[in-house]
Amino acid sequence: MAINFCLAGATGWVGQSLVKAIDALEDLNLVGAVSRTHADKKLSEVLTDTSLDLTISSSVKEALRNQCNVLVDYTKPDVVKSNVLEAIQNGVHVVIGTSGLTDEDFVQIHEQAMKHQVGVLASGNFAITAVLLQRFAEIAAKYTSYWEILDYASEKKVDVPSGTARELASRLGQVKQPIPYHSLDKIHGPKESRGATLNGTQVHSLRLPGYTLSVEAIFGLADEKLIIRHEAGSSAEPYVKGTLLAIRKVSSFVGLKRGLDSILEL
């Protein structure tokens, strides 16, 4: 049976590539598209490389009036949480590709997902190389005690750190807490220069032209260091395959899972 899904952020960077990809698929049907900037227009008018004749909705609430099994959210940090909760309360499974949610947000989302018996899969990055970075970094954290994260993105990305970096810090914190060489109250100079502390890990975010998205985990030992780096290009294609897999798998569990690897056999 085909899965009917709605896509919030259908005309965005990743959304456009997803719409194009499903044209050739028989097991996935796009039944709702959301874009605040293109509301009430036909999807085929806005995106010339698709024949889908859907009318674009202005909100997730409106799009969910269609017979929808899964909501995929690739929107903005200021609306993603309300979109997710709206879907959960309607008994719709959710795939979250938007960054900007906090650990506290995820706790609330998990509680609501359990209450309404739906699955939610959130990933800071659906690219396979980002998934591998997270897994390799978890292994490295077992054998080292000092690490920090560098988070790179373009100057247009307003949320800091990125979802990929937040997720990485959360995962490393579950392995163990790094040992600070100098506690923040003992350093000389602006404490902000040491970055933000997330789950015990110092995270430094750069926002500069020339970057798309990169995350670097640096592990230090005496006279040696390990650097694990994920580097994204300008295409959204790396995120499409992971998102399609998530759509197919998200109804197989209840509650929140974080990270694409939670549904992969790694």
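Residues numbered from 1 in each chain as written. Predicted model: local features only at pLDDT ≥ 70, side-chain atom pairs only at ≥ 80, totals over all residues. Heavy atoms only, no water.

Colleague: Explanation requested: the overall build of the protein chain in the structure shown.
Modeller: Within the protein chain, the regular secondary structure consists of eight helices and 11 strands. Computed over its C-alpha atoms, the radius of gyration of the protein chain comes to 19 Å, within 12% of the 18 Å expected for a compact globule of 266 residues. With the principal axes as the frame, the protein chain shows a C-alpha extent of 60 × 40 × 30 Å. For the protein chain, contacts bridging at least 24 residues in sequence account for 70% of all contacts bridging at least 6. Charged side chains of the protein chain number 27 positive and 30 negative; the gap between the two group centres comes to 2 Å. (Helix = DSSP H or I, 4+ residues; strand = E, 2+ residues; numbered from the N terminus. Rg over C-alpha atoms; globule rule 2.2 N^0.38 Å. Contact = heavy atoms within 4.5 Å. Lys, Arg positive; Asp, Glu negative; His and termini not counted. Charge placed at Lys NZ, Arg CZ, Asp CG, Glu CD.)

Colleague: What is the right way to read unusual backbone geometry from this model?
Modeller: Backbone geometry follows two general trends: most residues other than glycine have a negative phi, and most peptide bonds adopt the trans configuration. Here the bond from V160 into P161 is cis, since omega is -15°, no more than 30 degrees from zero. Residue placement: P161 occurs in the loop between β6 (147–153) and α7 (163–175). One non-glycine residue, N199, lies in the positive phi region at around 55°. Mapped onto the elements, N199 comes out in the loop between β7 (196–198) and β8 (201–207).

Colleague: Looking at this structure, how should I read helix α1 (residues 13–22)?
Modeller: Three or four residues apart is the spacing at which side chains of an α-helix point the same way, because the helix has 3.6 residues per turn. Burial in α1 covers these residues: V14, G15, S17, L18, V19 and I22. Residues of α1 that are buried sit in contact with β1 (3–8), β2 (28–34), α2 (43–46), β3 (70–73) and α8 (237–249). (Buried < 20%, exposed > 50% of the residue type's maximum accessible area, 1.4 Å probe, protein only.)

Colleague: Looking at this structure, how should I read the UniProt feature "domain: Dihydrodipicolinate reductase N-terminal" (unreviewed entry) in the protein chain?
Modeller: When the UniProt feature table is mapped onto this chain, "domain: Dihydrodipicolinate reductase N-terminal" (unreviewed entry) is found at residues 5–126. Annotated as 34% helix and 19% strand, the span residues 5–126 places its first and last C-alpha atoms 18 Å apart. (UniProt positions renumbered as here; feature names shortened; annotations may be inferred.)

Colleague: Is there a simple way to think about the sheet that holds β2 in this case?
Modeller: Strands in a sheet are paired, the pairing made by backbone hydrogen bonds, and the direction either parallel or antiparallel. Read across the open sheet, the six strands follow the order β2-β1-β3-β4-β5-β11; overall the sheet is parallel. Across the chains shown, the open sheet's two edge strands, defined by having one partner strand only, are β2 and β11 (255–258). When strand polarity is set aside, the average angle formed by the axes of neighbouring strands in this sheet is 20°. Strand direction decides the pairing type here: strand β4 (residues 93–96) and strand β5 (residues 119–122), joined by three bridges, are parallel. Looking across to β5, one finds that I96 is bridged to A122. Along the sheet face, α1 touches β1, β2 and β3 and points at about 155° away from the line of β1. Seen against the sheet, helix α5 (residues 103–116) touches β4, β5 and β11 and runs at an angle of roughly 140° to β11. (Pairing = 2+ DSSP bridges. Axes fitted to C-alpha atoms, helices over the stretch in contact; angles between N-to-C directions.)

Colleague: When you look at the pattern of salt bridges in this model, what are you seeing that I'm missing?
Modeller: A side chain of one charge can pair with a side chain of the opposite charge when the charged atoms of the two come close. Scanning all chains against the criterion turns up 13 salt bridges. With a shortest N-O distance of 2.9 Å, D151 and R207 are connected by a salt bridge. Linking D151 in strand β6 with R207 in strand β8, this pair joins segments that are 56 residues apart in sequence. Across this residue pair, the class does not change: D151 and R207 are buried. A salt bridge links E167 to R171; its shortest N-O distance comes to 3.8 Å. Within this pair, E167 and its partner R171 are both found in helix α7, separated by four residues, close to a single helical turn. (Salt bridge = Lys/Arg side-chain N within 4 Å of Asp/Glu carboxyl O.)

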